[in-house]
Amino acid sequence: MSNATLSAKRPSSLKGATLPKWFSWAVAAGSIALGLGISTAAGLGSNIQWALIAALLFVLGSYGISARVEGRRQAKDRVATSLIWVAFLLAVIPLASLIYATVKRGVKVLDGYFLSHSMGVIADTEPGGGIYHAILGTLEQVGIATVISVPIGVLTAIYLVEYGRGKLAKAITFFVDVMTGIPSIVAGLFILSLWIIILGMGYSGFAGSMALSILMLPVVVRSTEEMLKLVPNELREASLALGVPKWRTILKVVLPTSIGGITTGVMLAIARITGETAPLLLVVWVTNFINANPFKDPQASLPVYIYLQFANSGGQGPAYDRAWAAALVLIAFIMILNLVARGIARWKAPKTGR
């Protein structure tokens, strides 16, 4: 009988011993129990401390047991997987804790009256009042900032991708990168110096919108630029080969193809500036009354309202509850913007398949 026939009849033993699917869950449960035990024995009162101990035990336990049963190669793979899960939990748990604390404390005074009334003549130490004036101010300031930033940002990105060559394009790219990293208070100081001190225009919601547009503009430029780069050159070449002018190719081919990603970037940029506080404190100032005119006099906003209510509360009382309720409204608003961005991205995503 030939060697080939013998090797064909011999059973394959390439696959070694493997641990059951529930192994990771068992190690995780054991690590949590040991972490709690070690924390209790050592007198550690912080939940963060026993959680970190449990995470370390989970990684070490996964490697040790897997190395003895499955071999060192598979053990290294399990260690990498364990580290990914630990990193995921380290990122999610604080976020979930923040949302839980905000919802728990914010629902105490969050109702229709709170959303439809302003503070008016109500003192910070008194119950009652609402955030209508702050919601109105935030919507107007962010809306004006969007109207300023989106056209300039999109046109700048079109120039950089479709026309930009040479020193001017490099200079624009450099300054966009610099603007991306500037602190928000610097934008507020710039508008304060130019608009209020030099030109003497006074505090207003429009001044806040200009400061927010400085922060929003580089985000719009960068996101739009990346989306335009993803458009295949074959589409441009096909349009130009038919004799279509370049400006019309951009308008009818490039922009419709990338509109989903551009819209998503704009929505995320709006979410990024909605919670800014420092520039608004400098150039918009504060008021407890409704001011529907963003071009005249100080105007309220949600971030500044939250800051002032918490600063004047001393960690307790009606102002403290109003600060948490306003924070919950702000988080809900930003969450809605992100969900809308995801919906638009899916709706406008290129269709695959037949």
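This is a predicted model, so every value here is computed, not measured. (Residues numbered from 1 in each chain as written. Predicted model: local features only at pLDDT ≥ 70, side-chain atom pairs only at ≥ 80, totals over all residues. Heavy atoms only, no water.)

Caption draft 1: Summary view of the domain arrangement of the protein chain. What the domain assignment lists for the protein chain is domain 1 (20–106) and domain 2 (116–348). For domain 1 and domain 2, the distance between their C-alpha centres works out to 39 Å. Contact residues are listed per partner, giving five residues for domain 1 and seven residues for domain 2. When domain 1 packs against domain 2, the two sides together hide about 590 Å² of surface, and 77% of this comes from carbon and sulfur. When the area that domain 1 buries against domain 2 is broken down by residue, the three leading residues are Thr102, Arg105 and Gly106, summing to 74%. (Domains from an automatic or database assignment. Contact = heavy atoms within 4.5 Å. Buried area = accessible area lost by both parts, 1.4 Å probe.)

Caption draft 2: Just the side chain of Thr102, in detail. Position of Thr102 relative to the elements: it lies in helix H4 (residues 72–106). Residue contacts for Thr102: discarding those within four places in its chain leaves Trp324, Ala327, Leu328 and Ile331. (Helix = DSSP H or I, 4+ residues; strand = E, 2+ residues; numbered from the N terminus.)

Caption draft 3: Seen up close, the nonpolar core. In this structure, Ile191, Trp195, Met216, Leu228, Ile270, Ile273 and Val283 are the most contacted members of the largest nonpolar core, which totals 39 residues. Among the elements of the structure, helix H6 (132–163), helix H8 (184–198), helix H9 (205–229), helix H11 (246–274), helix H12 (278–283) and helix H14 (318–347) are those that each provide at least two residues to this core. Apart from the residues lying within four places of it in its own chain, the contact partners of Ile191 are Ile196, Ala207, Met210, Ala211, Ile214 and Val283. Membership of the second largest hydrophobic core comes to 14 residues, among which are Ala300, Ile306, Ala327 and Leu330. (Core = buried A, V, L, I, M, F, W, Y, C linked by side-chain atoms within 4.5 Å. Buried < 20%, exposed > 50% of the residue type's maximum accessible area, 1.4 Å probe, protein only.)

Caption draft 4: Looking closely at the UniProt feature "domain: ABC transmembrane type-1" (unreviewed entry) in the protein chain. Mapped onto this numbering, the UniProt entry gives "domain: ABC transmembrane type-1" (unreviewed entry) at residues 135–341. Between the end C-alpha atoms of residues 135–341 there is a gap of 21 Å, over a span that is 78% helix and 0% strand. (UniProt positions renumbered as here; feature names shortened; annotations may be inferred.)

Caption draft 5: How the structure looks around the pattern of salt bridges. Tallied over the full model, the rule gives six salt bridges. As a salt-bridge pair, Asp177 and Arg222 come within 2.6 Å of each other at their nearest N and O atoms. Taken together, the residues Asp177 in helix H7 (residues 167–180) and Arg222 in helix H9 connect sequence positions 45 residues apart. Take Asp177: its relative accessible area is 41%, and that puts it in the partly exposed class. Overall, the relative accessible area of 22% leaves Arg222 in the partly exposed class. Here Glu276 and Arg272 are joined by a salt bridge, their closest N and O atoms 2.5 Å apart. Residue Arg272 is classed as partly exposed on the basis of its relative accessible area of 34%. Bridged by salt links that share partners, the residues Asp177, Arg222, Glu225 and Lys229 form one connected network. (Salt bridge = Lys/Arg side-chain N within 4 Å of Asp/Glu carboxyl O.)

Caption draft 6: Representation of the confidence of the model for the protein chain within the structure. The share of residues in the protein chain with pLDDT of 70 or more is 94%, and the mean pLDDT across the chain is 88. Within the model, pLDDT remains below 50 along residues 1–13, and this stretch shows two contacts once partners closer than five positions in the same chain are excluded. (pLDDT = per-residue confidence, 0-100.)

Caption draft 7: Fine view of a nonpolar patch on the surface. Where nonpolar side chains cluster on the molecular surface, the patch consists of Leu95, Leu98, Ile99, Val103, Val107, Met335 and Leu339 and spans about 600 Å² of accessible area. Looking at the nonpolar patch, the elements with two or more residues in it are H4 and H14. The element that contributes the greatest number of residues to the nonpolar patch is H4, accounting for four residues. Among the secondary structure elements, Val103 is positioned in helix H4. Note on Val103: relative accessible area 36%, which makes it partly exposed. (Patch = residues over 30% accessible without salt bridge, like charges linked within 9 Å, V, L, I, M, F, W, Y side chains within 5 Å. Areas by Shrake-Rupley, 256 points an atom, 1.4 Å probe, with all protein chains shown as cover.)

Caption draft 8: The arrangement of the environment of Leu19 in detail. Structurally, Leu19 is set in the loop between helix H1 (3–9) and helix H2 (23–42). A residue is classified by how much of its surface remains accessible, and Leu19, at 15% relative accessible area, is buried. It is 7.3 Å that separates the C-alpha atoms of Leu19 and Val69, two residues lying 50 residues apart in sequence. Dropping the residues within four chain positions of it, Leu19 is found in contact with Ile65, Ser66, Val69, Glu70 and Arg78.

Caption draft 9: Structural detail: the packing of H6 against H7. Orientation of H6 relative to H7, taken along the N-to-C sense of each, is 135 degrees, at an axis distance of 10 Å. Of the possible angle classes, the one that applies to H6 and H7 is oblique. Both H6 and H7 take part in a crossing whose hand is left-handed. Residue-level inspection shows Thr156, Tyr159 and Leu160 of H6 in contact with H7, the latter providing Leu168, Ala169, Ile172 and Thr173. The class makeup of the residues in the contact of H6 with H7 is five nonpolar, two polar and no charged. (Axes fitted to C-alpha atoms, helices over the stretch in contact; angles between N-to-C directions. Parallel < 35°, antiparallel > 145°, perpendicular 65-115°, else oblique. Left-handed = near helix turned anticlockwise from the far one by under 90°. Nonpolar A, V, L, I, M, F, W, Y, C, P; charged D, E, K, R; others polar.)

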